[in-house]
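Below are the chains, spelled out letter by letter.
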Amino acid sequence: MANPTTNYGFVLPTSADLVTDLPADFDVALQGVDTRLKALQPGTTLGDLAYSSATANTNTRLGVGSTGQVLTVAAGVPSWATPATPTTGFTKITTGTFSAVTSVSLPTNTFTSTYTNYNVVLIIASTSGNTTITGRYRASGTDNTSSIYNSALSIARVTTSVAVVGVNGGTSFTMGYNAGTNNGPFGQSWDFLSPQAAAEKQIVGTGFGYNSELDTYSANWFGGHGNTTTQFDSFSWISSTGTITGSYYVYGYQN
Amino acid sequence: MNNKLFIQDGETKREFTELEYAQWELDQITNKAVADANAKAKADKAALLVKLGITDDEAKLLLS
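Everything numeric in this text was worked out from a predicted model, so none of it was measured. Residue indices begin from 1 for each chain and proceed along its sequence in written order. Think of it this way: whatever chain is written first is A, whatever ligand is written first is 1, and the rest follow in order. Whole-chain, interface and lining totals are the exception, using all residues; otherwise, since this is a predicted model, local features are given only for residues with pLDDT of at least 70 and side-chain atom pairs are given and counted only at 80 or more.

Caption draft 1: Spatial organisation of the overall build of chain B. Counting from the N terminus, the helices are the DSSP runs of H or I reaching at least four residues and the strands are the DSSP runs of E reaching at least two. A tally of regular secondary structure across chain B gives two helices and two strands. Helices and strands appear in chain B in the N-to-C order β-β-α-α. For 64 residues, the compact-globule formula gives about 11 Å, and the C-alpha radius of gyration of chain B, at 21 Å, lies well above that figure. Radius of gyration means the value over C-alpha atoms here, while the globule rule gives 2.2 Å times the residue count to the 0.38 power.

Caption draft 2: Molecular detail of helix α1 (residues 18-52) of chain B. All names here are of chain B. For a helix, the expected span equals 1.5 Å multiplied by the number of residues minus one. Given a rise of 1.5 Å per residue, 35 residues ought to cover 51 Å, and the 51 Å separating the end C-alpha atoms of α1 matches this to within 8%. In terms of burial, α1 is largely open, as just two of its 35 residues are buried. Remark: Gly 53 follows α1 within two positions and exhibits a positive phi of approximately 75°. Exposure classes come from backbone-placed C-beta atoms, where a residue is buried if 20 or more other C-beta atoms lie within 10 Å of its own, exposed if 12 or fewer do, and partly exposed in between.

Caption draft 3: Just the nonpolar core, in detail. Residues and elements named next belong to chain A. Ranked by internal contacts, the top residues of the largest apolar core, which has 35 residues, are Tyr 118, Val 120 and Tyr 248. The dominant element in this core, judged by the number of residues it contributes, is strand β7 (residues 117-127), at four residues. Not counting residues within four places of it along the chain, the set of residues in contact with Val 120 comprises Trp 190, Phe 192, Tyr 248 and Val 250. Put simply, a nonpolar core is a cluster of buried Ala, Val, Leu, Ile, Met, Phe, Trp, Tyr and Cys residues tied together by C-beta atoms within 7 Å. Residues are defined as contacting one another if the C-beta atoms placed from their backbone atoms lie within 7 Å.

Caption draft 4: Local environment of the environment of Thr 230 of chain A. Residues and elements named next belong to chain A. In this fold, Thr 230 is placed in the loop between β15 (216-226) and β16 (234-239). Look at Thr 230 and you get partly exposed, because 15 C-beta atoms sit within 10 Å. Sequence-wise, Thr 230 and Leu 71 are 159 residues apart; in three dimensions their C-alpha atoms are separated by 47 Å. In this structure, Thr 230 is in contact with Ala 139 and Asn 144, ignoring residues within four places of it in sequence.

Caption draft 5: Geometry of the interface of chain B and chain A. On the chain A side, the residues contacting the twelve residues of chain B number 14 residues. Residue assignment for the side of chain B that touches chain A shows that the elements contributing at least two residues are β1 (6-9) and α1 of chain B. A breakdown of the residues in the side of chain B that touches chain A according to their chemical character gives three nonpolar, five polar and four charged. A pair of strands is labelled paired if DSSP reports no fewer than 2 bridges between them. Across three bridges, strand β6 (residues 103-105) of chain A lies against β1 of chain B in parallel orientation. Paired with Val 104 of chain A across the strands is Gln 8 of chain B, a residue of β1 of chain B. Side-chain classes are defined by residue name, with Ala, Val, Leu, Ile, Met, Phe, Trp, Tyr, Cys and Pro counting as nonpolar, Asp, Glu, Lys and Arg as charged, and the others, Gly among them, as polar.

Caption draft 6: Looking closely at unusual backbone geometry. All names here are of chain A. Here the amide bond leading from Asn 3 into Pro 4 is cis, since omega sits at 0°, within 30 degrees of zero. Along the chain, Pro 4 falls in the segment before α1 (22-40). Look at Ala 75: it is not a glycine, yet its phi comes out positive at around 55°. Position of Ala 75 among the secondary structure elements: in the loop between β3 (70-74) and β4 (77-81). If you check the backbone angles, Ala 100 has positive phi at about 50° while not being a glycine. On the secondary structure map, Ala 100 appears in strand β5 (residues 90-101). Assessed through the 13 C-beta atoms surrounding it within 10 Å, Ala 100 is described here as partly exposed.

In structure tokens form, the structure reads like this:
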């Protein structure tokens, strides 16, 4: 064996050393081994890692990261980092159910400055009468009943007849119909544009319902304009007759 | 009011407030006015068709 050793330079006793010097010689040799092992394995705590440093035969301790952190590289050496939240194009904001109510309001602050535009789905599973569903913007727990609502609801009945219901400067949107005699078909998906922005608002969407007037299923297309720059944080639907039971889902479109 | 009305206000189901009842009454008046106007327009149209002695489909053909 080379003396000192080839890789780590441990100094061993030689044949010329006096026997009485051996304890001191082994002290030197083994202390060298001990020091080097510690340099190579610097860990002190459960979960520690070690990586090679710029100093030969010496590793650097990397303390264990926190829950959720991932191993990455920064400035040329390994380190732990919290991964960035992935950006998605479509984020669920809230969902809810309602049962036997005359009106439904989304929770306060459903619309925030985080998103400019939203997708809102309303499913009415049952109604207690032949009802018209109207809608109003809402802020701080109060519906806006000003004459800001312009809309057109185009209805195509399965019997092929069509109708258009218009609102021009009204106090609410007319957004759909359902019948107590034929529950189940009502489902609407609307895009709410800029409800919380200080800008005029639009709602566009499609859906299906039941037209009690002619007792037929009907598809509908809705376009609405909120003629105000007031910032709203919620929206309400109101049943003109009887009560409604169902659910809603709100999603934010990534800006 | 005899019949209580309820709102699903976010996560809370509660009875209408006095203001909401008042707005509801206003909405009912508006809805009735719109329904009456639509019914009158429908009746006027039907009466006109009778006077002309033609059906709705025939009127559409004449106007097409």
